[in-house]
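Each chain is listed here by its residues.
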Amino acid sequence: MILSPDDRDMLLKALHSKAPDVVQARMANALLLLSEGLPVEDVAGLLYLDEKTVAGWQAIFARRPGRAAA
């Protein structure tokens, strides 16, 4: 598939939305991929995220109250 520069910019802008529902969905996607054994670096690359963001979400999720043992 070939995207025009404008289409690519539009899609990346949508992807980087700060809307809570978008952020929640991206976080869920990242955590599910991590739970499948993918490393932070791969998840970040696949989802167009910064590694620091993915690692931060992983840490937040691991610290939540009532978390079952891994």
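This text goes with the structure placed above it.
Within each chain, residues carry numbers counting from 1 in the order of the written sequence. For a predicted model such as this one, the threshold for reporting local features is a pLDDT of at least 70, and the threshold for listing and counting side-chain atom pairs is 80 or more; totals across whole chains, interfaces and linings nevertheless cover every residue. Neither water nor hydrogens contribute to the side-chain values; these are computed over all heavy atoms in the structure.

S.K.: Outline the environment of Ala55, listing residues and values.
M.R.: In this structure, Ala55 sits in helix α4 (residues 51-63). Overall, Ala55 belongs to the partly exposed group, its relative accessible area being 33%. Secondary structure elements are taken from DSSP: a helix is a run of H or I of four residues or more, a strand is a run of E of two residues or more, and numbering for both begins at the N terminus. Exposure categories follow from relative accessible area, calculated using a 1.4 Å probe and restricted to protein chains: below 20% of the type maximum is buried, above 50% is exposed, and the middle band is partly exposed.

S.K.: Residues and numbers for the packing of helix α2 (residues 20-35) against α4, please.
M.R.: It is at 10 Å that the axes of α2 and α4 come closest, and there the two elements cross at 80°. Viewed along their axes, α2 and α4 adopt a mutual orientation that is roughly perpendicular. Counting all contacts with α2, which are made through Val23, Arg26, Met27, Ala30, Leu31 and Leu34, the residues of α4 involved are Val54, Trp57, Gln58 and Phe61. Residue classes in the contact of α2 with α4 are distributed as 8 nonpolar, 1 polar and 1 charged. Every axis in this analysis is a line fitted to C-alpha atoms, fitted for helices over the stretch in contact. Angles between the N-to-C directions lie between 0 and 180 degrees. The scheme is simple: roughly parallel for angles under 35 degrees, roughly antiparallel for over 145, roughly perpendicular for 65 to 115, oblique for anything else. In what follows, a contact means two residues having at least one pair of non-hydrogen atoms within 4.5 Å. All amino acids are sorted into three groups, where Ala, Val, Leu, Ile, Met, Phe, Trp, Tyr, Cys and Pro are nonpolar, Asp, Glu, Lys and Arg are charged, and the leftover types, Gly among them, are polar.

S.K.: Give me the lowdown on the nonpolar core, citing residues and values where you can.
M.R.: Among buried residues, those of type Ala, Val, Leu, Ile, Met, Phe, Trp, Tyr and Cys that are joined through side-chain atoms within 4.5 Å constitute a nonpolar core. Counting 10 residues, the largest nonpolar core is built from Ala30, Leu31, Leu34, Val40, Val43, Ala44, Leu47, Leu49, Val54 and Trp57. Every element with two or more residues in this core is listed here: α2, α3 (40-46) and α4. Ignoring sequence-local partners within four residues, the contact set of Ala30 consists of Val43, Leu47 and Trp57.

S.K.: Any details on the packing of aromatic side chains? Residues and values, ideally.
M.R.: Each aromatic ring pair is summarised here by two numbers: the centre-to-centre distance and the angle between the ring planes. Side-chain rings of Phe, Tyr and Trp (the six-membered ring for Trp) are treated as a pair once their centres are within 6.5 Å; stacked means planes under 30 degrees apart, edge-to-face means over 60, and tilted covers the remaining angles. For the structure shown, the criterion picks out 0 aromatic pairs. Throughout this description, the term charge over a ring refers to an Arg CZ or Lys NZ atom that lies within 6 Å of the ring centre and within 35 degrees of the ring normal. The ring of Phe61 carries Arg64 above its face, with NZ or CZ at 3.8 Å from the centroid.

S.K.: Got a sec to walk through a negative patch on the surface? Specific residues and values, please.
M.R.: Candidate patch residues must exceed 30% relative accessible area and have no salt bridge, after which like charges are joined if within 9 Å and Val, Leu, Ile, Met, Phe, Trp or Tyr side chains if within 5 Å. Only the protein chains shown count as covering a residue, and every accessible area follows the Shrake-Rupley method with a 1.4 Å probe. Within this document, salt bridges are pairs made up of a side-chain nitrogen of Lys or Arg and a carboxyl oxygen of Asp or Glu, the two lying within 4 Å of each other. Under the convention used here, Asp and Glu are negative, Lys and Arg are positive, and both His and the chain ends fall outside the count. Positions of charges follow a simple convention, taking NZ of Lys, CZ of Arg, CG of Asp or CD of Glu. A cluster of like negative charges, contributed by Glu41, Asp42, Asp50 and Glu51, occupies part of the molecular surface. Residue placement: Glu51 occurs in helix α4.

S.K.: Just give me the short version of unusual backbone geometry, but keep the residues and values in it.
M.R.: Not every positive phi belongs to a glycine, and Tyr48 is a case in point at roughly 55°. Relative to the elements of secondary structure, Tyr48 occurs in the loop between α3 and α4. Classification of Tyr48 by relative accessible area gives partly exposed; the value is 46%.

S.K.: I'd like a description of α4, backed by residues and values.
M.R.: The length a helix should cover is 1.5 Å for every residue beyond the first. The first and last C-alpha atoms of α4 sit 18 Å apart over 13 residues, in line with the 18 Å expected at 1.5 Å per residue. By the criterion applied in these results, polar contacts are pairs of N or O atoms within 3.5 Å in which, for protein atoms, one can donate a hydrogen and the other can accept it, and in which residues neighboring in sequence qualify only through two side-chain atoms. N-capping of α4 is provided by Asp50, with a side-chain oxygen placed 2.8 Å from the backbone N of Lys52.

Read these as geometric descriptors, not functional statements.
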